[in-house]
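# Summary of structural features
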Amino acid sequence: MNDPSASARDRNRRGHGARLREEIVATAIRMLDELADDQALSLRAVAREIGIAATSVYLHFADRDDLVFAALQQAHAELMESVREAADHAADPVAELRARTLVLGGWAWQHPGLYKVLHESTLNQRADMSFKRVLGEQTTDVVRRCIDQGLAREDDADEVSLDLRSAVHGAVSLRVNEPDLPWPPLEEQVDRYLIKLVGVTPAALAR
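A brief structural summary. From a predicted model like this one, the values you see are computed outputs, not experimental measurements.

Calculation criteria
Residues numbered from 1 in each chain as written. Predicted model: local features only at pLDDT ≥ 70, side-chain atom pairs only at ≥ 80, totals over all residues. Heavy atoms only, no water. Helix = DSSP H or I, 4+ residues; strand = E, 2+ residues; numbered from the N terminus. Contact = heavy atoms within 4.5 Å. Areas by Shrake-Rupley, 256 points an atom, 1.4 Å probe, with all protein chains shown as cover. Lys, Arg positive; Asp, Glu negative; His and termini not counted. Charge placed at Lys NZ, Arg CZ, Asp CG, Glu CD. Salt bridge = Lys/Arg side-chain N within 4 Å of Asp/Glu carboxyl O. Phe/Tyr/Trp six-rings, centres within 6.5 Å; stacked < 30°, edge-to-face > 60°. Buried < 20%, exposed > 50% of the residue type's maximum accessible area, 1.4 Å probe, protein only. Core = buried A, V, L, I, M, F, W, Y, C linked by side-chain atoms within 4.5 Å. Axes fitted to C-alpha atoms, helices over the stretch in contact; angles between N-to-C directions. Parallel < 35°, antiparallel > 145°, perpendicular 65-115°, else oblique. Left-handed = near helix turned anticlockwise from the far one by under 90°. Nonpolar A, V, L, I, M, F, W, Y, C, P; charged D, E, K, R; others polar. Expected span 1.5 Å × (residues − 1). Polar contact = N/O pair within 3.5 Å; in protein donor to acceptor, adjacent residues only side chain to side chain.

### Description of the overall build of the protein
Of the regular secondary structure elements, the protein holds 12 helices and 0 strands. Starting at the N terminus and walking to the C terminus, you meet the elements of the protein as α-α-α-α-α-α-α-α-α-α-α-α. Structurally, the protein occupies a C-alpha span of about 70 × 35 × 35 Å along its principal axes. For the protein, restricting intrachain contacts to residue pairs at least 6 apart in sequence, the fraction spanning at least 24 positions comes to 67%. Accessible surface, the protein: about 11,300 Å² in total, of which carbon and sulfur atoms supply 51%. The averaged location of the 34 negative side-chain charges in the protein is 5 Å from the averaged location of its 25 positive side-chain charges.

### Details of the pattern of salt bridges
By the definition in use, this model includes 12 salt bridges. Notably, a salt bridge pairs aspartate 141 with arginine 145, separated by 3.2 Å at the nearest N-O pair. Remark: arginine 145 and aspartate 141 occur in helix H9 (residues 133-148); sequence separation between them is 4 residues, near one turn of the helix. Ionic contacts of the salt-bridge type, sharing partners, join the residues Glu96, Arg100, Asp141 and Arg145 into one network.

### Notes on the side chain of histidine 76
The topology assignment puts histidine 76 in helix H5 (residues 64-88). Apart from residues lying up to four places away in sequence, histidine 76 is in contact with Leu118, Phe131, Lys132, Val134 and Leu135.

### Regarding the packing of aromatic side chains
For the coordinates displayed, the defined rule picks out 1 aromatic pair. Ring centres 5.6 Å apart and planes at 80° place the aromatic pair phenylalanine 69 and phenylalanine 131 in the edge-to-face group. Remark: phenylalanine 131 occurs in the loop between helix H8 (123-126) and H9 and phenylalanine 69 occurs in helix H5; sequence separation between them is 62 residues. Classification of phenylalanine 69 by relative accessible area gives partly exposed; the value is 21%.

### Regarding the nonpolar core
The nonpolar side chains of a soluble globular protein tend to be buried, and buried together. Judged by nonpolar contacts, the single largest core of 62 residues is most densely connected at Ile24, Leu41, Leu67, Leu72, Leu97, Leu194 and Val198. Ranked by residue count, the leading element in this core is H5, at 9 residues. Those residues within four positions of leucine 67 in sequence are excluded, and the remaining contacts are Ile24, Val25, Ala28, Leu41, Leu43, Val46 and Phe61.

### Here we look at the packing of helix H7 (residues 112-120) against helix H10 (residues 157-177)
The N-to-C vectors of H7 and H10 enclose an angle of 130°; their axes lie 10 Å apart at closest approach. One element, H7, and the other, H10, form an angle in the oblique class. The handedness of the crossing between H7 and H10 is left-handed. Contacts from Pro112, Tyr115, Lys116, His119 and Glu120 of H7 reach H10 at His169, Val172, Ser173, Val176 and Asn177. Along the lines of polarity and charge, the residues of the contact of H7 with H10 split into 4 nonpolar, 4 polar and 2 charged.

### Topic: the environment of methionine 31
With respect to the element layout, methionine 31 can be found in helix H2 (residues 17-35). Relative accessible area serves as the criterion here: at 11%, methionine 31 is assigned to the buried category. Methionine 31 sits 82 residues away from glycine 113 along the chain, and the two C-alpha atoms are 8.9 Å apart.

### Quick notes on H5
Under the 1.5 Å per step criterion, the end-to-end length of H5 is 36 Å for 25 residues, consistent within 8% with the ideal 36 Å. Leu67, Val68, Ala70, Ala71, Leu72, Ala75, His76, Leu79, Met80, Val83 and Ala87 are the residues of H5 that are buried. Looking at the buried side of H5, the elements it contacts are H2, helix H3 (43-50), helix H6 (93-110), H7, H8 and H9. For H5, the capping residue at the N-terminal end is aspartate 63, with a side-chain oxygen 3.3 Å from the backbone nitrogen of aspartate 65.

### Here we look at the packing of H10 against helix H11 (residues 186-198)
When two helices pack together, their arrangement is captured by the angle between the axes and the distance separating the axes. Two numbers describe how H10 lies on H11: the axes approach to 10 Å, and their chain directions differ by 155°. It follows from the interaxial angle that H10 and H11 lie roughly antiparallel. The crossing of H10 and H11 is right-handed. Along the contact surface, H10 presents Val160, Asp163, Leu164, Ala167, Val168, Ala171 and Arg175, while H11 presents Leu186, Gln189, Tyr193, Leu194, Leu197 and Val198. Residues belonging to the contact of H10 with H11 are distributed by class as follows: 10 nonpolar, 1 polar and 2 charged.

Okay, structure coming up:
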């Protein structure tokens, strides 16, 4: 006869140490995406989802904020890897900027709950979320290369980058919170932002 507790015991044996921590973080990422609210997550709920004792979660994370921070940091790292892969296939800085922006928008659309927690949760006021700065720094670098190579109008790269990110975040946030509006394809909005805010030409986008 099958032992109903065998699966849980096997899972616990597989999850010792670093592997258990990875499983806890991955489960928290999935649950945060479903809940769209870090305050609705509990360490006990994560433990139940995995099939382990709550004390096993507390061995790795001091409290909910500690776990949510680790989950957001991991999710952001995975997002940045997708951004990097998209950038690697770009032919020039304009194509790279467009590809990066579309990956970010697509990720937010696919993971609205994670997007809301990452950018709109109160954890942003309680914890050092400086790991998110790399995205802005990379965007500014690409904008600067567009300007330096004559692919965009002369302007302050830092200000242009901030304007672009503000516009994209606004568009994404509205899509997440008001999905029933008659939204145009994200690609069309991004292209308009690149033309109006960055100063690239339609010809540069079409290459």
